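# Architecture at a glance
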Amino acid sequence: MNEMDELALEELEQKRKNTYGNIKLFGFISILAFALAFIAYVSDRATLGIGLASLGLVFLGMLAYLYQTIKKEIADKIYQPIFEELNLEFEYQKGLDLEEVLSSGLFEKPDEYDSYGLIKGVVLDFPFKASNISLWEVEEDRDSEGNTRTVRYLIFSGRLYIIDTPFNKRKIIVTSGRHNLPSTKGMQKTKLESEEFNKLFRVLAEDQIEVRKVLTPNVMERFIDLRKRVGKFHVSIIENKVYVAIEKSMKIKIKINKPVKEIIEHAKHLAEIEIESVSSLINTLKMQEEKIKRGLF
């Protein structure tokens, strides 16, 4: 880094420290205000209680504003340049549309959905986009006394890649661990030759012949390697699109309680391992597709 870069990082680090300190202060004031408001209510001092609760809400709003502002600045000054070095576009506040996510065939329609950290680019000449995604199911839970509360169940949290390819496949889905899928009508479970692969993954396919041409021993080995490297992930191949959903360990997160230089190192590591891992998987599928076209399978 040149001198200007170091100076800019020092300024950002100082701003991060100050903002983080203010966030902790506002959080403490909010908790104190709500606690005093509760005491006022039980002491029949409703007007005072309302005033204190309102004060707590004001400080919570200020806290949220500071948090979002510093995260955006860190994203713009740290994450964006890192992804630009990899020839990728990055917009922290944008994400994938829910319709795009559901088109993967990997997720049931959620009650709540959130997405951010959008990246776009090209991997092995194939255009792709990806972002953090979180899906929740929301239910009303009633206790024995008839009281209700809203409960949010996490369906999935991680990153989803959508890659456009020249492939044209009938639907193939490969999932790790226990993962609930939407309707799998017309698909059949597939057991393959690799016992290790079968222990780590569940395979569903519309065409049992085609799936065996795609998931050859070499491709299964790549899936196993990736599973060991990034943890649980799910893949679907539908016509000309490949969807890769990597669970939460690979999410792009901006932790403002960490020093800027530590954030930079983590961001670089995350970007490099994620792009390399997905590229490796797509390259293996690409080579297999070329063999199929040459009539080798």
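Residues numbered from 1 in each chain as written. Predicted model: local features only at pLDDT ≥ 70, side-chain atom pairs only at ≥ 80, totals over all residues. Heavy atoms only, no water.

## Observations concerning the overall build of the protein
The secondary structure content of the protein amounts to 7 helices and 7 strands. Listing each helix as α and each strand as β along the protein from the N terminus yields α-α-β-α-β-β-β-β-α-β-α-α-β-α. Across its three principal axes, the protein shows a C-alpha extent of roughly 80 × 65 × 30 Å. Counting over 297 residues, the protein shows a buried share of 44%. Where the 44 positive side-chain charges of the protein centre and where its 45 negative ones centre are 4 Å apart. (Helix = DSSP H or I, 4+ residues; strand = E, 2+ residues; numbered from the N terminus. Buried < 20%, exposed > 50% of the residue type's maximum accessible area, 1.4 Å probe, protein only. Lys, Arg positive; Asp, Glu negative; His and termini not counted. Charge placed at Lys NZ, Arg CZ, Asp CG, Glu CD.)

## A word on the confidence of the model for the protein
Detailed reading of predicted coordinates is not advised where the pLDDT is low. Model confidence for the protein is summarised by a mean pLDDT of 86, while 96% of its residues fall at 70 or above. Across the protein, the element-wise mean pLDDT spans from 79 in helix 7 (residues 260-293) up to 96 in helix 3 (residues 98-102). (pLDDT = per-residue confidence, 0-100.)

## Let's talk about the side chain of Glu73
Relative to the helices and strands, Glu73 resides in helix 2 (residues 46-85). Here Glu73 is in contact with Leu12 and Lys15, once residues within four sequence places are set aside. (Contact = heavy atoms within 4.5 Å.)

## Describing a negative patch on the surface
There is a patch of like negative charges on the surface, built from Glu108, Asp111, Glu137 and Glu139. Tracing the backbone through its elements, the reader meets Glu108 in the loop between helix 3 and strand 2 (112-123). (Patch = residues over 30% accessible without salt bridge, like charges linked within 9 Å, V, L, I, M, F, W, Y side chains within 5 Å. Areas by Shrake-Rupley, 256 points an atom, 1.4 Å probe, with all protein chains shown as cover. Salt bridge = Lys/Arg side-chain N within 4 Å of Asp/Glu carboxyl O.)

## Looking at unusual backbone geometry
Residue Asp44 is not a glycine yet carries a positive backbone phi of 60°. By the element assignment, Asp44 lies in the loop between helix 1 (3-42) and helix 2. With a phi angle near 55°, Leu124 is a residue other than glycine that sits in the positive phi range. The topology assignment puts Leu124 in the loop between strand 2 and strand 3 (126-142). Residue class for Leu124 comes out partly exposed when judged on its relative accessible area of 30%.

## Considerations on the environment of Glu13
With respect to the element layout, Glu13 can be found in helix 1. Those residues within four positions of Glu13 in sequence are excluded, and the remaining contacts are Pro259 and Val260.

## Considerations on the packing of helix 6 (residues 217-230) against helix 7
Angle between the axes and distance between the axes: these two values describe a pair of packed helices. Direction vectors running N to C along helix 6 and helix 7 enclose 170°, while the axes themselves pass 10 Å from each other. If you check the angle between helix 6 and helix 7, you find them roughly antiparallel. The residues of helix 7 that touch helix 6, namely those facing Asn218, Val219, Arg222, Phe223, Leu226, Arg229 and Val230, are Ile273, Glu276, Ser277, Ser280, Leu281, Thr284, Leu285 and Gln288. Of the residues contributing to the contact of helix 6 with helix 7, the split by class is 7 nonpolar, 5 polar and 3 charged. (Axes fitted to C-alpha atoms, helices over the stretch in contact; angles between N-to-C directions. Parallel < 35°, antiparallel > 145°, perpendicular 65-115°, else oblique. Nonpolar A, V, L, I, M, F, W, Y, C, P; charged D, E, K, R; others polar.)

## Some remarks on the nonpolar core
Within the largest apolar cluster, 58 residues are counted, with the highest numbers of intra-cluster contacts made by Ile163, Phe197, Leu215 and Phe223. At 10 residues, helix 7 tops the list of elements feeding residues into this core. Counting 17 residues, the second-largest nonpolar core is a separate cluster that includes Val101, Leu106, Phe156 and Met187. (Core = buried A, V, L, I, M, F, W, Y, C linked by side-chain atoms within 4.5 Å.)

## Some thoughts on the packing of aromatic side chains
Following the criterion strictly, the structure yields 12 aromatic pairs and no others. A ring pair is formed by Phe201 and Phe233, whose centres lie 5.5 Å apart and whose planes are at 65°; its orientation type is edge-to-face. Linking Phe201 in strand 6 (residues 201-205) with Phe233 in strand 7 (residues 233-247), this pair joins segments that are 32 residues apart in sequence. With respect to class, Phe201 is no different from Phe233; both count as buried. Residue placement shows Arg152 over the ring face of Trp136; its charged tip is 4.2 Å from the ring centre. (Phe/Tyr/Trp six-rings, centres within 6.5 Å; stacked < 30°, edge-to-face > 60°. Lys NZ or Arg CZ within 6 Å of the ring centre and 35° of its normal.)

## Focus on a nonpolar patch on the surface
Taken together, the side chains of Phe28, Leu32, Leu36, Phe38, Ile39, Tyr41, Val42 and Ile50 present a nonpolar region at the surface, about 820 Å² in accessible area. Top contributing element to the nonpolar patch by residue count: helix 1, with 7 residues. When you line up the elements, Leu32 lands in helix 1.

## Observations concerning the pattern of salt bridges
Tallied over the full model, the rule gives 12 salt bridges. The shortest N-O distance in the salt bridge between Lys94 and Glu91 comes to 3.4 Å. Through salt bridges with shared partners, a single ionic network connects Lys15, Glu73 and Lys77.

## Concerning helix 6
With 14 residues, helix 6 should cover 20 Å at 1.5 Å per step; its first-to-last C-alpha distance of 20 Å lies within 8% of that length. Every buried residue of helix 6 is accounted for by Val219, Met220, Phe223, Ile224, Leu226, Arg227 and Val230. Seen end-on, helix 6 carries its buried residues on one side only, within an arc spanning 165°. Those residues of helix 6 that are exposed and aimed more than 90 degrees away from the buried face are Pro217 and Lys228. Check the buried side of helix 6 and you find it contacts strand 4 (148-176), helix 4 (195-200), strand 6, helix 5 (208-214), strand 7 and helix 7. (Expected span 1.5 Å × (residues − 1). Arc of directions from axis to C-beta.)

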